[in-house]
Structures are given as C-alpha cells and as structure tokens.
Amino acid sequence: MSVDVGRPSVLDDEQFLLKIRDLYLEYKTETEIQQILEIPKGTWEYWKWKNYQGFADKMLSYKHERMIRKAEANVEVLMESEDERVASDMSKFVLETVAKKTYRSEERRGGKE
C-alpha cells in the first residue's frame, strides 16, 4: 500500500520552472520573481539552500544562460566596431571559439595541401 504524504511541489511543474527562467532572463531579481509568482517568503531560500529538486542548479544554469546571451550580444556589437583593431580582434575571437572546429579543420586542410 502506498500512501501519498504531503502536497506535490510546484517545482514538479515544468511550466512553473519555465516562468522562473523567463523572468530571470528578463533580468528580474529573485525577490521580484518571488512576488510575481506568489512564492511564500522563505520558500525560495529553502529551495536554494537545500538544492530542492535541483533548484539551485537550475538557477545557476539560468544565470549562466543570461550571462552568455549578454556576452553574445556584446560580441556582435564589437564586431561592428568602427575601430578596425577591435573588429579584427572580435572576428578572430569568434573564429577561435565559436567556429573552432570548422575553422581549425579548414586551417589544417589548407596547411596539408
């Protein structure tokens, strides 16, 4: 016999987590997200402290996603810079990082011929 104990967690709801992610990516603070989603005071901190259902890990991944998006936007702006050195440096950076596999394999093929 299985007995259900307690109420289900809202963290089981993928749509709820997507709302948190979307708000975080819109640069809302944790306090604002708690207020918008009506999360009781202390619950958020408990979820993070206990890493309840991987909550702290999810929040860290959302933070990294937000940082990457901002960095990508900055790179695109810098690639269009009127300063040729900056544009050149950013182009080289993109080729060495984003297009690393393609760029290096083309470089090797060119070197063998």
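Going by the structure above, here's the rest.
Described below are features of the structure shown in this document. (Residues numbered from 1 in each chain as written. Predicted model: local features only at pLDDT ≥ 70, side-chain atom pairs only at ≥ 80, totals over all residues. Heavy atoms only, no water.)

### Thoughts on the side chain of arginine 66
Here comes step 1: Turning to its location among the elements, arginine 66 is positioned in helix 4 (residues 55-79).
Here comes step 2: Comment: no salt bridge for buried arginine 66; closest opposite-charge side chain is glutamate 30, at 7.7 Å.
Here comes step 3: A distance of 3.1 Å separates a polar atom in the side chain of arginine 66 from the backbone oxygen of tyrosine 24.
Here comes step 4: Non-local contacts of arginine 66, meaning those with residues more than four positions away in its chain, are made with Tyr24, Leu25, Tyr27 and Lys28. (Helix = DSSP H or I, 4+ residues; strand = E, 2+ residues; numbered from the N terminus. Buried < 20%, exposed > 50% of the residue type's maximum accessible area, 1.4 Å probe, protein only. Lys, Arg positive; Asp, Glu negative; His and termini not counted. Salt bridge = Lys/Arg side-chain N within 4 Å of Asp/Glu carboxyl O. Polar contact = N/O pair within 3.5 Å; in protein donor to acceptor, adjacent residues only side chain to side chain. Contact = heavy atoms within 4.5 Å.)

### Regarding the pattern of salt bridges
One side chain can pair with another of opposite charge once the charged atoms of both are near each other.
Here comes step 1: According to the stated counting rule, one finds 5 salt bridges in the structure shown.
Here comes step 2: Glutamate 65 is the partner of arginine 21 in a salt bridge, and the nearest nitrogen-oxygen pair spans 2.4 Å. Pair noted here: arginine 21 is in helix 1 (residues 14-25) and glutamate 65 is in helix 4, with a separation of 44 residues, a long-range link.
Here comes step 3: On the basis of relative accessible area, glutamate 65 is assigned to the partly exposed category, the value being 22%.
Here comes step 4: Close ionic contact of arginine 85 with aspartate 83 constitutes a salt bridge, the shortest N to O distance being 3.7 Å.

### Concerning the packing of helix 1 against helix 4
Any two packed helices are characterised by how steeply their axes cross, that is the angle between the axes, and by the distance between the axes.
Here comes step 1: For the pair helix 1 and helix 4, the least separation of the axes is 9 Å and the interaxial angle reads 35°. As helix 1 runs across helix 4, the sense of the crossing is right-handed. Of the residues in helix 4, those in contact with Leu17, Ile20, Arg21, Tyr24 and Leu25 of helix 1 are Phe55, Lys58, Met59, Tyr62, Lys63, Glu65, Arg66 and Arg69.
Here comes step 2: Considered class by class, the residues forming the contact of helix 1 with helix 4 number 7 nonpolar, no polar and 6 charged. (Axes fitted to C-alpha atoms, helices over the stretch in contact; angles between N-to-C directions. Left-handed = near helix turned anticlockwise from the far one by under 90°. Nonpolar A, V, L, I, M, F, W, Y, C, P; charged D, E, K, R; others polar.)

### Focus on the packing of helix 4 against helix 5 (residues 84-97)
Here comes step 1: It is the contact of helix 4 with helix 5, at a shortest axis distance of 8 Å, that shows an interaxial angle of 135°. What the angle tells us is that helix 4 and helix 5 run oblique. From helix 4, Val75, Leu78 and Met79 reach across to helix 5, where they touch Val86, Ala87, Met90, Ser91, Phe93 and Val94.
Here comes step 2: In terms of residue class, the contact of helix 4 with helix 5 is built from 8 nonpolar, 1 polar and no charged. (Parallel < 35°, antiparallel > 145°, perpendicular 65-115°, else oblique.)

By themselves, these observations are geometric and do not establish any function.
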